[in-house]
Amino acid sequence: MKTLDRLFENGARSLAKRTSRRSLLACLGQVLTGAALMPLLPIDRTARAQEPVHPTPAEQKCDYWKYCAIDGFLCACCGGSSTACPPGTQPSPITWIGTCHNPADGRDYIVSYNDCCGKVSCGDCFCDRNERETPMYRLSRNNDVNWCMANADSNYHCSVSVILGVAEK
Amino acid sequence: MVKNGLGMLLLALAAGSKLSWAGPQPPPLPAEHLTVATVGPKSPHWIYVVDYAYVNEIDSRVWLFDGDTYRRIGQIDTGFFPAVNLSPDGKTTAVATTYWSRGGHGTRTDVVELNDNNTLSKTGEIVIPPKHAQTLAMMFTLTYSADGKFVYVPYLTPAASFGVLDPAKKRVLNEIDTAGCTLTFPWGPNRVSSICESGRLLTVTLDSQGKETSRTTSDAFFNVDEDPVFAQAVPLPDGYAFVSFLGQVHEIDFRQPKPGIRTPWSLVSPAEKGAWRPGGVQIGALHRARNKLYVPMHKGGDGSHKEGGSEIWVFDLKSHQREARWPIDSYKAGTAISVQVSQDAAPLLFIATETSHLLILEALTGKLKHDEKNLGQTPQLLLNP
Amino acid sequence: MMRAATVAATLVAVGAQAANPAQDYVLNCMGCHGAAAQGIPGKVPPLANALSRFMRTPEGRNYVLRVPGAANSSLSDEQLAGVLNWLAVTFDSSATANQLAPFTGREVAALRRQPLLSVLATRGTVVHNLATTGPSPPSQY
């Protein structure tokens, strides 16, 4: 049974016990999004947690499983990690999306490739992989464009790869 | 004056020289004159090489290279993630690019810079909204109408549109929303098509002021989930050819307002399909008079569409027959990511590799003429008139 | 306009099938429209507290199905209907989501391929008209 359906079914049953039908329908949306599917990307960049990072050796290499559709410099080599922008850079609010296979647990994960912006090219650990990547006309899966384009400071520094959730077939 | 100054210095040096010679000392060198080089007489074997400078992206540039003398003729600066193209008359290199006021940051200004190819000097600019589409090297991120009167510049914010510019008056005339379809494939004096995720082309017709008079959407000719086409199309005498990841060639006739979709043909045999694939940045080049299509091909699977070719395959555009396969591994210069061919009777095939070589082959025989190592940092796009 | 099936009820019905509107949204739309469907001011329109309001009138529904992200998406007509219905239920705090007629694949198919000449101008007109009958989406973003 698929993860999403399980979320949906459990949520619907428990809600049905406690609420009226109208509230049940209105609440379905929250059940579907569910914390398990995708942690919300923070909207306010200034409120984002800032903390030291310890990138693993694996995430500083291009063949790391999460990098299956990345294009650019690995932030893990530039003072950040696969989930952290380097100090003084700003994450892009818009991203391209990849679906990568994790050999450690056999699952496909949906990942968000944000760019970190506002400084010149990091220049280290260049990596260009293109699983399920498509040209610019399907922008959601395209890694050729500068995803810093909508930032106030739109220069491109490096790229991260953040797990959003498990992909369903 | 420089000439006299240098001359005086040389005389002083000669007078004070303590060197002793076994035989008679050669006469002193004459004073030299400092000049500025000219580009020299034009040649069909010139190639404009767009170097994206991936490691230092605000520092991209175009190298003009002579395919006969193997010499760099000169450079055009192109800013960050440039869109570069030549005017139809070959006299101008137009560049849409981004500059920040403090180098890598600060106030963003996007401009179309116009460079005179006779002098490699910038002769003018048109400031555009700060939304030129910043993407990797393509021939369709800045284009000209066939008569050179309009310049089209795709914008991406991430909403998709394109600017219509008047390069003579150096003005922005208009902005055309393209409904999520991207890039500009121009035709004639006033038609521009963009390519859509739905597998269609959106075609917009403009009036003489650059205002839209009509738009139409073609039938779908590819499926992005099954076999996407490269957006880097190959210009044809009557339209464009869109090559797919699995090697299908979709020739589109642009001569009528509604694009004509020809039956696709395949670069690969059934046995080769899926195993041998086109790939790279600039996926094909056509010698128009001889109808020869050159395509970089590699062995690879899903996700390998940006890998460069280990071979160049040569096709006859009319018969669709493959005429040659030229392996390039033995040159140890990397794989072919971009190809371009000169249009003359003794044509050269130019190949940019991912290790920054520029290979030059005889385009009729495949014979290697020259390997220019390190032509720039990351040469990506090859342009010629 | 008020049919027996509502958006939310339709979502219940299809929930157990292969359709996965949340995943379709993540793969095809979320990269620009955001995890909270919030958009980006000046650049990407919000879908939260907006999409469901467009669904109240035929003019609004017509607009939604012809915007660039819908018209030229590679999602099938059924998938697009599913994503829009899911967004309407998920990202609108007003109660109107419960009373909307869901999009169907047929409605999507009939409208989505006619391009809009000017998205922003049309949006302005549609929003202006919607404001006379209830909560309206922002006319600008």
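A quick note: this is a predicted structure, and the numbers were derived from the prediction, not measured.

Help me understand the overall build of chain A, please; the structure alone is not making it clear to me.
Each helix and strand in chain A was counted, giving two helices and eight strands. The order of α-helices and β-strands along chain A, N terminus first, is α-α-β-β-β-β-β-β-β-β. For chain A, the proportion of its 169 residues judged to be buried stands at 47%. Within chain A, residue pairs in contact and separated by at least 24 positions form 74% of the contacts whose partners lie at least 6 positions apart.

What's the story with the sheet that holds strand β4 (residues 107-113) of chain A in this structure? I'm lost.
Sheet strands pair by backbone hydrogen bonding; their relative direction is either parallel or antiparallel. Residue and element names in this part refer to chain A. Read from one edge of the open sheet, three strands run β3-β4-β8, paired in antiparallel fashion. At either margin of the open sheet sits one strand with a lone partner, and together these are β3 (96-102) and β8 (162-166). Each strand of the sheet is rotated relative to its neighbour by a mean of 35°, with strand direction disregarded. For β3 and β4, the ladder comprises seven bridges, and the chain directions are antiparallel. Across the sheet, tryptophan 96 pairs through a bridge with tyrosine 113, a residue of β4.

What exactly am I supposed to notice about the environment of Ser82(A) here?
The topology assignment puts Ser82(A) in the loop between β1 (71-73) and β2 (90-91). In this structure, the C-alpha to C-alpha distance between Ser82(A) and Ala49(A), residues 33 residues apart in sequence, is 15 Å.

Explanation requested: the pairing of strand β6 (residues 121-128) of chain B in the structure shown.
Looking along a regular strand, one sees side chains alternate from face to face of the sheet. Residue and element names in this part refer to chain B. Looking at chain direction, strand β5 (residues 108-116) and β6 are connected through seven bridges and run antiparallel. When the sheet's bridge partners are listed, leucine 114 is paired in β6 with glycine 124. Hairpin geometry of β5 and β6 is characterised by an intervening segment of four residues between the two adjacent antiparallel strands and by a positive phi of about 55° at leucine 120.

In this structure, what is going on with the environment of Tyr144(B)? I would like to understand it.
Residues and elements named next belong to chain B. Along the chain, the position of tyrosine 144 falls in strand β7 (residues 143-144). With 21 C-beta atoms counted inside 10 Å, the residue tyrosine 144 sits in the buried group. Residues tyrosine 144 and valine 249 lie 105 residues apart in sequence; the distance between their C-alpha atoms is 24 Å. Excluding its chain neighbours within four sequence positions, the residues that come into contact with tyrosine 144 are Asn85, Ser87, Pro88, Phe150, Val151 and Pro186.

Just to check I follow, could you spell out helix α5 (residues 58-66) of chain C for this structure?
At 3.6 residues per turn, the α-helix brings residues three or four places apart onto the same side. Those residues of α5(C) not exposed but buried are Gly60(C), Arg61(C), Tyr63(C), Val64(C) and Leu65(C). Each element contacted by the buried residues of α5(C) is listed here: α4 (51-54), α6 (68-71), α7 (77-90), α8 (105-111) and α9 (119-130) of chain C.

Mind showing me how you'd approach the packing of α5(C) against α9(C) here?
For any two helices packed against each other, the geometry is given by the interaxial angle and the distance between the axes. Residue and element names in this part refer to chain C. Between α5 and α9, whose axes approach to 9 Å, the crossing angle comes to 150°. Taken as axis vectors, α5 and α9 run roughly antiparallel relative to one another. In this structure, α5 meets α9 at a crossing whose hand is left-handed. Residues Glu59, Gly60 and Tyr63 of α5 form the contact with α9, whose participating residues are Thr122, Arg123, Val126, Asn129 and Leu130.

Would you mind showing me how to read the nonpolar core here?
Generally speaking, a soluble globular protein has its nonpolar side chains buried in company with each other. One finds Val49(B), Val112(B), Val153(B) and Leu87(C) to be the most contacted residues of the largest nonpolar core, which totals 170 residues. Element by element, the count of residues in this core is highest for α7(C), at eight residues. Ignoring sequence-local partners within four residues, the contact set of Val49(B) consists of Val62(B), Trp63(B), Phe65(B), Ala352(B), Leu358(B), Leu375(B), Gly376(B), Pro379(B) and Leu382(B).

Got a minute to help me understand the sheet that holds strand β10 (residues 171-177) of chain B in this structure?
All names here are of chain B. The strand order across the open sheet formed by four strands is β7-β8-β9-β10, and the pairing between neighbours is antiparallel. The open sheet terminates on both sides in strands that have one partner only, identified here as β7 and β10. With two bridges joining them, β7 and strand β8 (residues 151-156) adopt antiparallel strand pairing. Its bridge partner lying in β8, tyrosine 144 is registered against valine 151.

Reading the values: rules and limits
- Residues numbered from 1 in each chain as written.
- Chains lettered and ligands numbered in written order.
- Predicted model: local features only at pLDDT ≥ 70, side-chain atom pairs only at ≥ 80, totals over all residues.
- Helix = DSSP H or I, 4+ residues; strand = E, 2+ residues; numbered from the N terminus.
- Buried ≥ 20, exposed ≤ 12 C-beta atoms within 10 Å, placed from the backbone.
- Contact = placed C-beta atoms within 7 Å.
- Pairing = 2+ DSSP bridges.
- Axes fitted to C-alpha atoms, helices over the stretch in contact; angles between N-to-C directions.
- Parallel < 35°, antiparallel > 145°, perpendicular 65-115°, else oblique.
- Left-handed = near helix turned anticlockwise from the far one by under 90°.
- Core = buried A, V, L, I, M, F, W, Y, C linked by C-beta atoms within 7 Å.

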